[in-house]
Amino acid sequence: MGAELRIVAPPEAEQGGVEFMLPKGRYLESKPYGLSLTPGKAPARVGLLANGFPDSDNFLEKLATALKTVWPDTEFMPAVKASADQLNIGVREPLLTDMANACDAVIIAWGHCGSCTSGVTRDALAFTDRGIPNVTLICDIFWDYSHWLGEAMGLTGIPKIQIPFPLAGTPSANQIGWAERIVPEGVAKLEGR
């Protein structure tokens, strides 16, 4: 009634030897990021996608205020894609389509932990696939990981801005200062410079 376990070596294997199988995933060819806004022309609407990490939506609000000094007529469309227990997911439908249809560009916040860096990288890929220029805010301690992750997912050169860790939970004045500090870099990256 019991099953008998037999190990059968392939004909080319030595008797008593060990054959190793090296599992390898399919090679994913990376493509370079190549989207941009028209330099010097303010976008009509910019999406602000918060990932649900604490303060991500508050920081994006401060960033929109700072961006108004450069783009006074731009409308900003804030959205929160998930809750704090879903940081690793990518932006879901119908929000992805709504933002892609309504916005000229999207700013994504933020890679403030490992799982949310993964999630915001997926967001950048999703908007890139829809032809929407985007830039993602990534904390310095996850900077190298974010580069590796983007390339592993098939896209090199995803526009990112490095922010300090931690920025979430810091005083409002600190966040306003960082929002104002990154405006020139954000505009440049959205314009492909």
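Everything that follows concerns the structure shown earlier in this document.
Now for a description of the structure that goes with this document. (Residues numbered from 1 in each chain as written. Predicted model: local features only at pLDDT ≥ 70, side-chain atom pairs only at ≥ 80, totals over all residues. Heavy atoms only, no water.)

Some remarks on the packing of aromatic side chains
Phase 1 of the analysis: Counted according to the given criterion, the structure contains 3 aromatic pairs.
Phase 2 of the analysis: Between the aromatic rings of Phe59 and Trp110, the centroid separation amounts to 5.3 Å while the plane-to-plane angle is 40°, which identifies the pairing as tilted. Remark: Trp110 occurs in strand β4 (residues 105-111) and Phe59 occurs in helix α1 (residues 56-67); sequence separation between them is 51 residues.
Phase 3 of the analysis: Residue Trp110 is classed as buried on the basis of its relative accessible area, which comes to 0%.
Phase 4 of the analysis: Judged by centre distance (6.1 Å) and plane angle (20°), the rings of Tyr145 and Trp148 are stacked. Linking Tyr145 with Trp148, this pair stays in helix α4 (residues 143-152), spanning 3 residues, or about one helical turn. (Phe/Tyr/Trp six-rings, centres within 6.5 Å; stacked < 30°, edge-to-face > 60°. Helix = DSSP H or I, 4+ residues; strand = E, 2+ residues; numbered from the N terminus. Buried < 20%, exposed > 50% of the residue type's maximum accessible area, 1.4 Å probe, protein only.)

Overview of the nonpolar core
Phase 1 of the analysis: If you look at the biggest cluster of nonpolar residues, it comprises 54 residues, and the most contacted ones within it are Phe59, Leu63, Ile107, Trp110, Phe127 and Leu137.
Phase 2 of the analysis: When sequence neighbours within four positions are dropped, the list of residues in contact with Leu63 reads Ile107, Leu137, Ala179, Ile182 and Val183. (Core = buried A, V, L, I, M, F, W, Y, C linked by side-chain atoms within 4.5 Å. Contact = heavy atoms within 4.5 Å.)

Quick word on the sheet that holds strand β2 (residues 45-50)
Phase 1 of the analysis: Strand order in the open sheet formed by 5 strands is β3-β2-β4-β5-β7, and the pairing between neighbours is parallel. Whereas interior strands pair on both sides, the edge strands pair on one side only; in this sheet they are β3 (75-80) and β7 (160-163). Recorded for the sheet is a direction-independent mean angle of 20° between the axes of neighbouring strands.
Phase 2 of the analysis: Looking at chain direction, β4 and strand β5 (residues 134-139) are connected through 4 bridges and run parallel. (Pairing = 2+ DSSP bridges. Axes fitted to C-alpha atoms, helices over the stretch in contact; angles between N-to-C directions.)

Describing the environment of Ile176
Phase 1 of the analysis: Assignment of secondary structure puts Ile176 in helix α5 (residues 172-190).
Phase 2 of the analysis: The class for Ile176 is partly exposed, based on a relative accessible area of 36%.
Phase 3 of the analysis: Expressed as a C-alpha distance, the spacing of Ile176 and Glu61, which sit 115 residues apart in the sequence, is 9.5 Å.

A word on the pattern of salt bridges
Phase 1 of the analysis: Counted according to the given criterion, the structure contains 6 salt bridges.
Phase 2 of the analysis: A salt bridge links Glu185 to Lys189; its shortest N-O distance comes to 3.4 Å. Of this pair, Glu185 and Lys189 both sit in helix α5, 4 residues apart, which is roughly one turn of that helix.
Phase 3 of the analysis: Residue Lys189 is classed as partly exposed on the basis of its relative accessible area, which comes to 24%.
Phase 4 of the analysis: Where Glu191 meets Arg193, a salt bridge forms, and the shortest distance between an N and an O atom there is 2.7 Å.
Phase 5 of the analysis: Overall, the relative accessible area of 8% leaves Glu191 in the buried class.
Phase 6 of the analysis: Classification of Arg193 as exposed rests on a relative accessible area of 59%. (Salt bridge = Lys/Arg side-chain N within 4 Å of Asp/Glu carboxyl O.)

Some remarks on the side chain of Thr170
Phase 1 of the analysis: With respect to the helices and strands, the residue Thr170 is situated in the loop between β7 and α5.
Phase 2 of the analysis: At a separation of 2.7 Å, a polar atom in the side chain of Thr170 contacts the main-chain carbonyl oxygen of Leu167.
Phase 3 of the analysis: A distance of 3.0 Å separates polar atoms of two side chains, one belonging to Thr170 and the other to Asn174.
Phase 4 of the analysis: Those residues within four positions of Thr170 in sequence are excluded, and the remaining contacts are Asp55 and Gln175. (Polar contact = N/O pair within 3.5 Å; in protein donor to acceptor, adjacent residues only side chain to side chain.)

Quick word on unusual backbone geometry
Phase 1 of the analysis: The omega torsion of the bond from Glu93 to Pro94 falls at 0°, within 30 degrees of zero and hence cis.
Phase 2 of the analysis: Take Pro94: it is sitting in the loop between β3 and α2 (95-102).
Phase 3 of the analysis: Look at the link from Phe165 to Pro166: it is a cis peptide, with omega at -5°.
Phase 4 of the analysis: Note that Pro166 resides in the loop between β7 and α5.
Phase 5 of the analysis: A positive phi angle, close to 75°, is found at Asp55, a residue other than glycine.

Honestly, that's just the spatial picture; any functional story needs more than this.
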